[in-house]
Amino acid sequence: MTDAPARGSVGGASIHADDLALTIEIATAAGGLLMDRYERVERVDYKGARDIVTEVDHLSEELIIAAIRARHPADGILAEESGAQPTSAGDVASSGRGRIWIIDPVDGTINYANGIPVFCVSIALAIDGRPAVGVVLDPTRDDLFAATAGGPATLNGTPIAVSDKETLTDFVVAASLAGRGASSRGRNLRKAIRISRSMGSSALALAYVANGRFDAFVQQGGMSNWDVAAAGLIAERAGATVTDAAGGPWFDIGRGARSVSVVAAPLGHHARILELTR
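As a starting point, this report considers the structure included with it. What you see is a predicted model; the values in this text were computed from it and never measured.

**Quick look at the sheet that holds strand β11 (residues 172-176)**
Next, step 1: One open sheet accounts for five strands, arranged β12-β11-β13-β15-β14; its pairing is mixed. Looking along the sheet, the strands with just one partner apiece sit at the ends: β12 (195-197) and β14 (240-243). The mean angle between the axes of side-by-side strands here comes to 20°, regardless of whether they run parallel or antiparallel.
Next, step 2: One ladder, built from four bridges, connects β14 with strand β15 (residues 260-266); its direction is antiparallel.

If you want it as structure tokens, here you go:
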């Protein structure tokens, strides 16, 4: 008797199957921790004027890293709270060499701390500078988005695809514009689409592009690699065109914290959304 496919996977061989199964296992454990502590947060600290961290962020990250270290002690780590840890070969996370796990233990911490059920766990594995495995888990809905490089994007094991809406005026877009002229660019975008939304969890909103809950995603800066590494891969494998806000590559492991931007949309509409927002 063969083992059943891991939750979030589909049948068929994959060179990343073992890593995907492990990532799903770890994300599920971290999601369980988040739900055990949900609406029972004991400590909130301020990382900046508008950025907070709770004890649950730290507990979730510790759980994730310990599970990775138990199976892959030689791998590197890039995590939101504890930062970067090199591989056993001495390759730093930003080098683009080796296996680097990219971790956001609670994406949407402000929502989580306020009892708003919109947050997720995001875990990606980058190999030689490119995302190879990505998992985003919304533990409040038990929604597990997953993908591997070269494989399909899935939601709870079922393949998913981006929106097939024909006209931009029907689009619901997760949007956060920034920089000079953001107000006028935002008005231009809103005139062209049905409506824009902001969830407070970048990773979850970007993952939603993969199954059409959002027709597109635009965020011009303010994110970090742990916000996008998993969800960007999932959206891309679901058929989205994914770039940065200037139309260039969406992922660069060497980018600094809070310097990442992403535009993700179906191929036929990506160029127009990019034009409206830059």
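**Points about helix α6 (residues 225-237)**
Next, step 1: Compared with an ideal rise of 1.5 Å per residue, which puts 13 residues at 18 Å, α6 spans 18 Å between its outermost C-alpha atoms and is within 8% of the ideal.
Next, step 2: Where α6 bends most, at alanine 231, the angle is about 30°.
Next, step 3: α6 sits mainly inside the fold: eleven of its 13 residues count as buried.
Next, step 4: Those residues of α6 that sit buried are Asn225, Trp226, Asp227, Val228, Ala229, Ala230, Ala231, Gly232, Leu233, Ile234 and Ala235.
Next, step 5: Positive backbone phi, at 110°, marks glycine 239, one or two positions downstream of α6.

**Some words on the pairing of strand β7 (residues 130-138)**
Next, step 1: Along β7, eight of the nine residues are buried, which leaves the element largely enclosed by surrounding structure.
Next, step 2: Alignment of strand β6 (residues 120-127) against β7, held across seven bridges, turns out to be antiparallel. Each bridged residue has a counterpart across the sheet, and for alanine 124 the counterpart in β7 is glycine 134.
Next, step 3: In this antiparallel pair of consecutive strands, β6 and β7, the connection spans two residues, and aspartate 128 shows a positive phi of 55°.
Next, step 4: Where β7 folds back on strand β8 (residues 143-148), the antiparallel hairpin that results is connected by four residues, among which aspartate 142 adopts a positive phi of roughly 60°.

**A few points about the nonpolar core**
Next, step 1: One finds Ile102, Val136, Phe145, Phe217 and Val262 to be the most contacted residues of the largest nonpolar core, which totals 45 residues.
Next, step 2: A per-element tally of this core places α6 first, with eight residues.
Next, step 3: By size, the runner-up hydrophobic cluster in this structure holds 28 residues, among which are Val56, Ile65, Trp101 and Val133.

**Considering the sheet that holds β6**
Next, step 1: If you trace the eight strands from one edge of the open sheet to the other, you get β4-β3-β5-β6-β7-β8-β9-β10, paired in mixed fashion. Only two strands of the sheet have a single partner each, and these edge strands are β4 (83-85) and β10 (158-159).
Next, step 2: In terms of strand pairing, β7 meets β8 through six bridges, oriented antiparallel. Bridged to aspartate 138 within β8 is aspartate 143.
Next, step 3: Where helix α1 (residues 17-37) meets the sheet, its contacts fall on β5 (99-107), β6, β7 and β8, and the angle it forms with β7 comes to roughly 30°.
Next, step 4: Contacts from α6 reach β3 (76-79), β5, β6, β7 and β8, with the element oriented near 95° to β7.

**Considering the packing of aromatic side chains**
Next, step 1: The full count for this structure, using the stated rule, is six aromatic pairs.
Next, step 2: Taking 5.7 Å as the distance between ring centres and 45° as the angle between the ring planes, the aromatic pair formed by tyrosine 38 and tyrosine 112 counts as tilted. Taken as a pair, tyrosine 38 in the loop between α1 and β1 (44-46) and tyrosine 112 in helix α3 (residues 109-113) lie far apart in primary sequence, 74 residues in all.
Next, step 3: Residue classification places tyrosine 38 among the buried positions, given a relative accessible area of 16%.

**Focus: the side chain of aspartate 107**
Next, step 1: Secondary-structure assignment places aspartate 107 in strand β5.
Next, step 2: Although aspartate 107 lies buried, it forms no salt bridge, and the closest oppositely charged side chain, arginine 258, sits 9.2 Å away as judged by the N-O distance.
Next, step 3: Of the polar contacts made by the side chain of aspartate 107, one reaches the side chain of serine 201; its length is 2.7 Å.
Next, step 4: Of note is the side chain of aspartate 107, whose polar atom sits 3.1 Å from the backbone nitrogen of serine 202.
Next, step 5: Beyond its immediate sequence surroundings of up to four residues, aspartate 107 is in contact with Phe119, Cys120, Ser201, Ser202, Ala203, Leu204 and Asp227.

Cut-offs used in this document
- Residues numbered from 1 in each chain as written.
- Predicted model: local features only at pLDDT ≥ 70, side-chain atom pairs only at ≥ 80, totals over all residues.
- Heavy atoms only, no water.
- Pairing = 2+ DSSP bridges.
- Helix = DSSP H or I, 4+ residues; strand = E, 2+ residues; numbered from the N terminus.
- Axes fitted to C-alpha atoms, helices over the stretch in contact; angles between N-to-C directions.
- Expected span 1.5 Å × (residues − 1).
- Bend = angle between axes of the 7 residues up to and from the residue.
- Buried < 20%, exposed > 50% of the residue type's maximum accessible area, 1.4 Å probe, protein only.
- Core = buried A, V, L, I, M, F, W, Y, C linked by side-chain atoms within 4.5 Å.
- Contact = heavy atoms within 4.5 Å.
- Phe/Tyr/Trp six-rings, centres within 6.5 Å; stacked < 30°, edge-to-face > 60°.
- Lys, Arg positive; Asp, Glu negative; His and termini not counted.
- Salt bridge = Lys/Arg side-chain N within 4 Å of Asp/Glu carboxyl O.
- Polar contact = N/O pair within 3.5 Å; in protein donor to acceptor, adjacent residues only side chain to side chain.

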